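# Understanding the architecture of this molecule
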Amino acid sequence: MLKKAKRRQQQGEGGSSNVFSMFEQSQIQEYKEAFTIIDQNRDGIISKDDLRDVLATMGQLNVKNEELEAMVKEASGPINFTVFLTMFGEKLKGADPEDVIVSAFKVLDPEATGSIKKEFLEELLTTQCDRFTAEEMTNLWAAFPPDVAGNVDYKNICYVITHGEEKEE
């Protein structure tokens, strides 16, 4: 039991200072501003009441207590700024490493060209499993426009999913 607790402490469960290295200074400032807006009572901790108040300012007046509890329970403890930043870091990084996502795309690219046809990808994303909406497809093509031949660079998509920005070329 002590080993687990010590390992959690070493891994930074609940937020550790190394989370700041995951973001640019400008991003940290933006998250700090968002945190300050959500922390309605300015006590340095985001609570259910803070969430209820900020949601009310956005027009969501009838949020169930269970929903608020579920939101707060996404963190391993009180949500201070470091925990808040860690939660965003975990969400942005995604569950899978870049090589795993690239490998999944490679199944759709038997010639190993590094790209797949826009029409094929769009058909898959709008008809299988967790289907994309028309708006999501529009956003995808705005962010990752196909080349003149209608091919989409899936390696770039994978990089952005896992790193949050395009590679410098």
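Residues numbered from 1 in each chain as written. Predicted model: local features only at pLDDT ≥ 70, side-chain atom pairs only at ≥ 80, totals over all residues. Heavy atoms only, no water.

The chain carries the name Myosin regulatory light chain 2, skeletal muscle isoform-like in an unreviewed UniProt entry, which gives Sander lucioperca as its organism.

Counting residues in each nonpolar core, the largest one holds 19 residues, and the members touching the most others are Ile-46, Ile-79, Phe-81, Phe-84 and Leu-85. Every element with two or more residues in this core is listed here: helix 2 (25-38), helix 3 (48-57) and helix 5 (81-93). For this core, the leading source of residues is helix 5, giving 5 residues. Not counting residues up to four positions away in its chain, the partners in contact with Ile-46 are Phe-35, Ile-38, Asp-39, Leu-51, Ile-79 and Phe-84. (Core = buried A, V, L, I, M, F, W, Y, C linked by side-chain atoms within 4.5 Å. Buried < 20%, exposed > 50% of the residue type's maximum accessible area, 1.4 Å probe, protein only. Helix = DSSP H or I, 4+ residues; strand = E, 2+ residues; numbered from the N terminus. Contact = heavy atoms within 4.5 Å.)

In this section: the side chain of Asp-109. Within the secondary structure layout, Asp-109 lies in the loop between helix 6 (98-106) and strand 1 (115-117). Summary of buried charges: Asp-109 has no salt-bridge partner, and the nearest side chain of opposite charge, Lys-155, is 6.7 Å away. A polar atom in the side chain of Asp-109 sits 2.9 Å from the backbone nitrogen of Thr-113. The contacts of Asp-109, once residues within four sequence positions are left out, are Gly-114, Ser-115, Ile-116 and Tyr-154. (Lys, Arg positive; Asp, Glu negative; His and termini not counted. Salt bridge = Lys/Arg side-chain N within 4 Å of Asp/Glu carboxyl O. Polar contact = N/O pair within 3.5 Å; in protein donor to acceptor, adjacent residues only side chain to side chain.)

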